[in-house]
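These are the residues of each chain, in order.
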Amino acid sequence: VEAIREGLNKRYHLIVGPPGTGKTFVIGKLVDAAVASGERVLLTAYTNLAVENMVKKVDKAGHEPVWVGRREMMGSSAHASLDSRLEEV
């Protein structure tokens, strides 16, 4: 809770830690708060699996994530890839 409260006062965040320490939970709460105040959020991670976990968390919270990358590497939680958004233009 303290990490989330402190994070709300920052513009950029770097969240690191071993598996099972609540990183995805904290990220989800920070995204919820940022989107609620009208901000857009960019999430990045070292692996596709980490990105997929974050996208699932954000999607489950009712947001519509856009996953930038190759479609075959994306999980089913991505509402749109950058390629599909560009096709709309």
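Quantities reported herein were computed from a predicted structural model and do not represent experimental measurements.

Trainee: How would you explain helix H2 (residues 23-36) if you had to name every residue and give the values?
Mentor: Here H2 is 14 residues long and its end C-alpha atoms lie 20 Å apart, about the 20 Å a rise of 1.5 Å per residue gives. Those residues of H2 not exposed but buried are Val26, Ile27, Gly28, Leu30, Val31 and Ala34. Where H2 is buried, its residues contact helix H1 (2-7) and helix H3 (48-60).

Trainee: Any chance you could break down the packing of H2 against H3 for me, citing the residues and the numbers?
Mentor: As a packed pair, H2 and H3 sit with axes 9 Å apart at the nearest point and diverge in direction by 45 degrees. The orientation of H2 relative to H3 falls into the category oblique. In terms of crossing hand, the pair formed by H2 and H3 is right-handed. Packed against H2, whose contacting residues are Thr24, Phe25, Ile27, Gly28 and Val31, the element H3 presents Asn53, Met54, Lys57 and Val58 at the interface. Among the residues making up the contact of H2 with H3, the classes are represented as 5 nonpolar, 3 polar and 1 charged.

Definitions and cut-offs
- Residues numbered from 1 in each chain as written.
- Predicted model: local features only at pLDDT ≥ 70, side-chain atom pairs only at ≥ 80, totals over all residues.
- Heavy atoms only, no water.
- Helix = DSSP H or I, 4+ residues; strand = E, 2+ residues; numbered from the N terminus.
- Expected span 1.5 Å × (residues − 1).
- Buried < 20%, exposed > 50% of the residue type's maximum accessible area, 1.4 Å probe, protein only.
- Contact = heavy atoms within 4.5 Å.
- Axes fitted to C-alpha atoms, helices over the stretch in contact; angles between N-to-C directions.
- Parallel < 35°, antiparallel > 145°, perpendicular 65-115°, else oblique.
- Left-handed = near helix turned anticlockwise from the far one by under 90°.
- Nonpolar A, V, L, I, M, F, W, Y, C, P; charged D, E, K, R; others polar.

Purely geometric stuff here, so don't read any function into it on its own.
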